[in-house]
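Listed here are the chains, written in short residue letters.
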Amino acid sequence: MSELINAREERGADISRGGPYYGELIEQVRGLMDRARLVSPTDELALDAIGILKQLNDKLDAAVVNEWSTPTWTRFDLPARGNITLPPFMIDHADSSGVDARLTFRNYHLGGNNAAHGGQVAVGFDDLLGMAAAMHAGSITRTASLTVDYRSVTPLNTELKVRAWAERQEGRKVFVRATLHDGDRLCAEAHGLFIVLKPGQA
Ligand SMILES: CCCCCCCC(=O)SCCNC(=O)CCNC(=O)[C@H](O)C(C)(C)COP(=O)(O)OP(=O)(O)OC[C@H]1O[C@@H](n2cnc3c(N)ncnc32)[C@H](O)[C@@H]1OP(=O)(O)O
């Protein structure tokens, strides 16, 4: 992991963005989302929480920046770079041959019956396949197509293993695959097409 951080730092990734408490701030937000997913509040508790959250949102407003200035582009030291929209993952290894990550779906990713929502599984695949495609191509890519096959139930609050890799590249087209395992059990697999963006392509 430290090798990955060093490599990213050499390429200009600033892991000090957001400061030393940013990771814990995001973890607290994830904890909030876990509770929000399962809470059934009394009126009193709901009103109390609304007041506190309004105050907090007003405070955070003062520190909102444009998307390119957010820490989530550079904080490779944090789970899912501190991006709260992603299932938290830690990268164990990433280079042009592929990406290995440990990923955990949380209560707020619940689909039903204590299993992860299928859309959340796709979100995890999308980001890690995007990383594998970009590292293979050495350039920014965008998802053109993503297919997920759900092979068995994906548990919550369990460290899962993701492997994502580029199978081949044809011009700007990077063909990728990924697997998601709980121990030896295959939970889901994905294949997709990522396109290398042209210079200046929006
Ligand atoms: C580390 C962080 C990782 C983050 C990863 C997150 C990734 C994302 O979520 S990106 C957001 C979701 N994706 C999008 O919004 C994409 C929307 N679509 C687009 O922007 C465009 O369609 C885009 C960029 C994919 C392709 O457009 P463009 O650059 O004009 O290329 P275009 O000429 O149409 O296609 C290039 C080639 O790909 C093929 N292709 C494009 N789309 C598809 C598709 N869906 N299926 C099959 N082939 C396709 C084309 O046929 C063409 O093939 P060939 O070169 O053989 O003729």
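These figures come from a predicted structure and were not determined experimentally.

Parameters and conventions
- Residues numbered from 1 in each chain as written.
- Predicted model: local features only at pLDDT ≥ 70, side-chain atom pairs only at ≥ 80, totals over all residues.
- Near = placed C-beta within 6 Å.
- Helix = DSSP H or I, 4+ residues; strand = E, 2+ residues; numbered from the N terminus.
- Nonpolar A, V, L, I, M, F, W, Y, C, P; charged D, E, K, R; others polar.
- Pairing = 2+ DSSP bridges.
- Axes fitted to C-alpha atoms, helices over the stretch in contact; angles between N-to-C directions.
- Contact = placed C-beta atoms within 7 Å.
- UniProt positions renumbered as here; feature names shortened; annotations may be inferred.
- Core = buried A, V, L, I, M, F, W, Y, C linked by C-beta atoms within 7 Å.
- Buried ≥ 20, exposed ≤ 12 C-beta atoms within 10 Å, placed from the backbone.
- Expected span 1.5 Å × (residues − 1).
- Domains from an automatic or database assignment.

J.: Residues and numbers for the site of the ligand, please.
T.: In the vicinity of the ligand lie 15 residues, with Gly-130, Met-131, Thr-143, Ala-144 and Ser-145 positioned nearest. Looking at the shell around the ligand, the elements with two or more residues in it are α4 (118–137), β5 (141–150) and β8 (185–196). Among the elements that line the shell around the ligand, the one with the most residues is α4, at five residues. In terms of residue class, the shell around the ligand is made up of five nonpolar, five polar and five charged.

J.: I'd love a proper account of unusual backbone geometry, names of residues and values included.
T.: Of note, Arg-81 is a non-glycine position whose phi angle comes to about 60°, a positive value. Checked against the element boundaries, Arg-81 lands in the loop between α3 (43–61) and β1 (89–95). Not every positive phi belongs to a glycine, and Asn-113 is a case in point at roughly 55°. Mapped onto the fold, Asn-113 is located in the loop between β3 (110–112) and β4 (115–116).

J.: Give me the lowdown on the sheet that holds β8, citing residues and values where you can.
T.: Working definition: the strands of a sheet are paired by backbone hydrogen bonds and lie parallel or antiparallel to each other. The antiparallel open sheet is built from six strands, whose spatial order is β1-β2-β6-β7-β8-β5. Strands with a single pairing partner mark the edges of an open sheet, and in this sheet they are β1 and β5. Pairwise comparison of adjacent strand axes, ignoring direction, gives a mean angle of 20° for this sheet. Bridging between strand β6 (residues 160–170) and strand β7 (residues 173–182) involves nine bridges; their strand directions are antiparallel. Among the inter-strand pairings, Trp-165 is bridged to a residue of β7, identified as Arg-177. Contacts from α4 reach β1, β2 (98–103), β5, β6, β7 and β8, with the element oriented near 135° to β5.

J.: Hey, could you go over the UniProt feature "domain: Thioesterase" (unreviewed entry) in the protein chain for me, with residue numbers and the actual values?
T.: Summarizing the sequence annotation, UniProt attributes the feature "domain: Thioesterase" (unreviewed entry) to residues 114–185 in the numbering used throughout. Strand forms 47% of residues 114–185 and helix 28%; the C-alpha atoms that close the span are 17 Å apart.

J.: Give a detailed account of the nonpolar core, specifying residues and quantitative values.
T.: Grouped together as the largest cluster of nonpolar side chains are 30 residues, with contacts concentrated most on Val-99, Leu-128, Leu-129, Ala-132, Val-162, Ala-164 and Val-176. Elements with a contribution of two residues or more to this core: β1, β2, α4, β6, β7 and β8. Ranked by residues supplied to this core, first place goes to α4 with nine residues. Excluding residues within four positions of it along the chain, Leu-129 makes contact with Ala-164, Val-176, Ala-178, Ala-190, Gly-192 and Phe-194.

J.: For the environment of Arg-168, give the residues involved together with the corresponding values.
T.: Here Arg-168 is to be found in strand β6. Given 9 C-beta atoms within 10 Å, Arg-168 falls into the exposed group.

J.: I'd like a rundown of α4, residues and numbers included.
T.: Helix length check: α4 (20 residues) gives 28 Å between terminal C-alpha atoms against 28 Å at 1.5 Å per residue, within 8%. By the criterion of burial, α4 is predominantly enclosed, with 14 of the 20 residues buried. Immediately downstream of α4, the backbone of Gly-138 shows phi near 65°, a positive value.

J.: How would you summarise the pairing of β6 if you had to cite specific residues and measurements?
T.: Sheet analysis places β2 next to β6, joined by five bridges and oriented antiparallel. Each residue of the ladder has a partner; that of Val-99, found in β6, is Ala-164. Hairpin connection, β6 to β7: the antiparallel pair is bridged by two residues, and Gly-171 has positive phi, about 60°.

J.: Please give an account of the domain arrangement of the protein chain that cites residues and values.
T.: Partitioning the protein chain into domains gives domain 1 (2–61) and domain 2 (86–196). A straight line from the C-alpha centre of domain 1 to that of domain 2 covers 23 Å. Tallying the contact residues gives seven residues for domain 1 and seven residues for domain 2. The element that contributes the greatest number of residues to the side of domain 1 that touches domain 2 is helix α2 (residues 22–38), accounting for six residues. Residue composition of the side of domain 1 that touches domain 2, grouped by class: four nonpolar, no polar and three charged.

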